[in-house]
Structures are given as C-alpha cells and as structure tokens.
Amino acid sequence: MNKSVVKYLLIAAVLISAIGISLWLVQMQKPVVPAALQTMGGDFQLESDSGPLGLSDFRGKTTLVFFGYTHCPDVCPMALGVMVDAMRLAGESAADRVAGIFISVDPQRDTPALLGQYAAFFDKRIKGVTGTHAQLGKIAREWRVDYHLPEDSSDNNYAVEHSNFIYLVNQDGKIVDLFDEETDAALIADRMRPWLR
Amino acid sequence: MKWVLLALLILLPAQAAYAADMMVKDAWVRLMPPVAQNSAVYMTLKNMSDADIRIVDVSTDAASSNGFHTMRMQDGKMVMHHVDSVIVPAQGEFSFVPGGFHIMLAGLSRELHEKDVVNVVLTLADGGHFTLQAVVRDMRMGHGQHGGMH
C-alpha cells in the first residue's frame, strides 16, 4: 500500500470519526424528556379551514400545541400570545421550522373557518383545528387534557373548563416539554432551541 | 344600554362623593381576533379612603354583558368563576390582571381596534358610580402578558 493511500485512509477515518462525534454531541444536547411526557400525546386528524390537518403534517417542525376555545377571554389569548412570542424568540433562522396548533374543544361554536381566522390573527404559523366530540375526547385522553363543556349550552356565552397546558412537540411529533400561559416566552424559546437543531 | 350608560355619565358628578376616593391605573382591553365574541378589561383600582370600597356591578359600551370573573385552577382545569362583587381595600389596591380577575366583555357589540376607547362604569355598593376609560391594547407584538402592569 503506498503512502498516499494510507494518508487518504487516515484522513477519511479522522473525518468519519469527527462526523460521528459531532452527531453524538448534537444528540447529547437534546434534553432528557421526562418519562411522564413520553406516554402522552400521539397523532390526530382534525379539521382546519383548509381541510383535514393532522399532527403528522407538522413533522420536521418544532410545534407548540394548546387546547382552548375562542370565547375564552383571558387564558387562551394569553397562551397564544406566549406561543407567538416564544416562536419569535426562538430565532429568525428557525422561523419556518416552528409552528403552533390551537385545538378548540368547543366545536359547537368554533368552526374550522372561524378557527383559521382566529389563529392567524396571532400568527400565520398557528393553525386552528377542531373535530367531533368523539375525536376531541380521544385526543384529550391521549394528551391528558381535561375539559368540560356545560350540560346546558343554550346560553351562547357559556364558558368551557379546560387544561391550560402548552405542549412542546418535537420534529418527530413527540411531546418533549410542558408549559402554561404564565410561562415566560423566553424560557419556552430556550427549551425549543435544542429541538430545532 | 347606551341610554343607561349616557344617563350614568351625566349623573356621575352628583354621585362622585364615594367614587372620588378611588383612582384607576392602567386600564386596558385585550385586542382580540375580529372573529372573537368576547374580550376582557384589566386595570388596577386604588382606594385612597379609610373604608373598603365594594364594587357590585359593571357596564361598558362595548359588550352586551359584562361581569367580574376570576380564573382558578380546579382539578387540573382552568375554571372561570363569576364573582358578584370585588372589594378595593381601604388605602389599598385591587388589580384585574391576565390570569387573575378580569372584567368580562361578553358578546362584543362592536369591533374593537387597537387604541379604541371602551367606557366602563363601575357601580359601587353605595349606589355611586365610577367611570373610566380603558384603551384597547394589542398584546401580540412582544408586549408580553406581564407587560401590561408595568
């Protein structure tokens, strides 16, 4: 074997090791996901203003998910505001790799068309979706969301009780972190960054 | 509703004896998406007298129904409770803040835009009225949820 071949083999070996170590380091930087979160979540198919939309449509994006309803005057707009701030703070370079989903648990009043307009007001990257009570019930169980609609909804201004989690979902559709509407947007952005790499 | 509000505004000077002890700081309304039916008013009320001031009712010129609400965690859910009255303690303050107490604007009667003014009339337990103006604030562009009170 001549010297130049040995030299190239050595360079190749060094390069491969360097790439391997880099990949390993990147992997190591991914935060540990608490066991409780690993059993939560899962894919879903709901209805948006532009047709069926599922969590799988957000593969490759780091996504914030919130369950609420549009008649909610306080907590829901707070949560959406925090989500938008966090998405912006996550950085300009990640702008097209972050997204949001607002899932309405109040399909009686929140149509997909209305939800589309509602969510876009906060940020075009946030999609508003809803579905049937059966679909929403199944997602709520899988995502450990608790919500309660009043028995009597004849008064059109009824309130809906609901969990106030903001979920951080990684590019593979897995829940990796949990916040709420009181969480500082800068903290959410910090927690999003490792998943954006 | 509008006539009632106008009447209240006219009557205000004559009934301001008790209300004169109160001051309002930073009253604002959350700008909501145009399709939204509801919004909320936030503010801090300061009582400069030596007696508690109880507020028993509220009306506005922006919604068909108004009331005092508070948010509370109950069994893991955010539950909105209606409260009949709020008390501004003697020589103290009472704050309506996001995530805490708010004045609910249920069934907005007009589309609100940033910097619009909403007239608010608080009815005190002694029958007096306290009027104030709350400005519509757009909270989207990095104003932050907690920025409202600073």
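Definitions and cut-offs
- Residues numbered from 1 in each chain as written.
- Chains lettered and ligands numbered in written order.
- Predicted model: local features only at pLDDT ≥ 70, side-chain atom pairs only at ≥ 80, totals over all residues.
- Heavy atoms only, no water.
- Helix = DSSP H or I, 4+ residues; strand = E, 2+ residues; numbered from the N terminus.
- Buried < 20%, exposed > 50% of the residue type's maximum accessible area, 1.4 Å probe, protein only.
- Contact = heavy atoms within 4.5 Å.
- Buried area = accessible area lost by both parts, 1.4 Å probe.
- Salt bridge = Lys/Arg side-chain N within 4 Å of Asp/Glu carboxyl O.
- Disulfide = S-S within 2.5 Å.
- Phe/Tyr/Trp six-rings, centres within 6.5 Å; stacked < 30°, edge-to-face > 60°.
- Lys NZ or Arg CZ within 6 Å of the ring centre and 35° of its normal.
- Arc of directions from axis to C-beta.
- Pairing = 2+ DSSP bridges.
- Core = buried A, V, L, I, M, F, W, Y, C linked by side-chain atoms within 4.5 Å.
- Polar contact = N/O pair within 3.5 Å; in protein donor to acceptor, adjacent residues only side chain to side chain.

Within chain B one finds two helices and 10 strands. Walking chain B from its N terminus toward its C terminus, one meets helices and strands in the order α-α-β-β-β-β-β-β-β-β-β-β. Within the span of chain B, comprising 150 residues, buried residues form 50% of the whole.

Moving on to the interface of chain B and chain A. Between chain B and chain A, the residue contacts involve 33 residues of the former and 31 residues of the latter. Both sides together, the interface formed by chain B and chain A hides about 2500 Å², and carbon and sulfur atoms give 61% of it. For the pair chain B and chain A, the interface holds zero salt bridges. Of all the elements in the fold, those that place two or more residues in the side of chain B that touches chain A are strand S2 (38-47), strand S4 (63-74), strand S5 (77-83) and strand S8 (101-108) of chain B.

All names here are of chain A. All chains considered together, the criterion is met by one disulfide over all chains. A disulfide bridge connects Cys72 with Cys76, and the sulfur atoms are separated by 2.4 Å. Taking the torsion about the sulfur-sulfur bond, which here is approximately 100 degrees, the covalent link between Cys72 and Cys76 counts as right-handed. On the basis of relative accessible area, Cys76 is assigned to the buried category, the value being 0%.

Our next topic: the packing of aromatic side chains. Scanning the entire structure with this criterion turns up 13 aromatic pairs over all chains. Chaining the aromatic ring pairs together yields one cluster made of Phe44, Phe67, Trp143, Phe165 and Tyr167 of chain A. Sitting above the plane of the Tyr158 of chain A ring, Arg109 of chain A keeps its charged end 3.5 Å from the centroid. Over the aromatic face of Phe121 of chain A sits the side chain of Arg140 of chain B, whose NZ or CZ is 3.8 Å from the ring centroid.

On to helix H5 (residues 133-142) of chain A, then. Residue and element names in this part refer to chain A. Taken as a whole, H5 has its buried residues at Leu136, Gly137, Ile139 and Ala140. The arc that holds the buried residues of H5, viewed along the axis, is 165 degrees, so those residues lie on one side. Projecting away from the buried face of H5 at angles above 90 degrees are the exposed residues Ala134 and Arg141. Arg144 lies just past H5 and shows a positive phi near 55 degrees.

In this section: the pairing of strand S9 (residues 117-124) of chain B. All names here are of chain B. The buried count for S9 comes to seven of eight residues, which makes it a mostly enclosed element. By the bridge criterion, five bridges tie strand S3 (residues 53-60) to S9 in an arrangement that is antiparallel. By the bridge assignment, Val58 is partnered in S9 with Leu122. Linking S9 to strand S10 (residues 129-137), which pair antiparallel, is a turn of four residues; within it Gly127 sits at a positive phi near 95 degrees.

Grouped together as the largest cluster of nonpolar side chains are 97 residues, with contacts concentrated most on Trp143 and Met192 of chain A together with Leu122 of chain B. Here this core gets nine residues from one element, more than from any other, and that element is helix H3 (residues 75-89) of chain A. The residues contacting Trp143 of chain A, other than those within four sequence positions of it, are Met40, Gly41, Gly42, Phe44, Leu55, Val65, Phe67, Tyr167, Val169 and Ile175 of chain A.

Below, the discussion takes up the pattern of salt bridges. For the coordinates displayed, the defined rule picks out 10 salt bridges over all chains. For Arg125 of chain A, the salt bridge identified is with Asp123 of chain A, shortest N-O distance 3.0 Å. Taking the shortest distance from any N to any O, the salt bridge between Asp26 of chain B and Arg137 of chain B comes out at 2.6 Å. Residue Asp26 of chain B is located in strand S1 (residues 22-30), and its partner Arg137 of chain B is located in strand S10; the two are separated by 111 residues in the primary sequence. Take Arg137 of chain B: its relative accessible area is 24%, and that puts it in the partly exposed class.

Our focus in this paragraph is the side chain of Asn38 of chain B. Position of Asn38 of chain B relative to the elements: it lies in strand S2. For Asn38 of chain B, a relative accessible area of 0% translates into the label buried. A polar contact is formed between the side chain of Asn38 of chain B and the side chain of Asn157 of chain A, at a distance of 3.1 Å. Reaching out from Asn38 of chain B, the side chain makes a polar contact with the backbone nitrogen of Gly107 of chain B at a distance of 3.0 Å. Not counting chain neighbours up to four residues away, the residues in contact with Asn38 of chain B comprise His71, Pro73 and Asn157 of chain A together with Met32, Met104, Leu105, Ala106, Gly107 and Leu108 of chain B.

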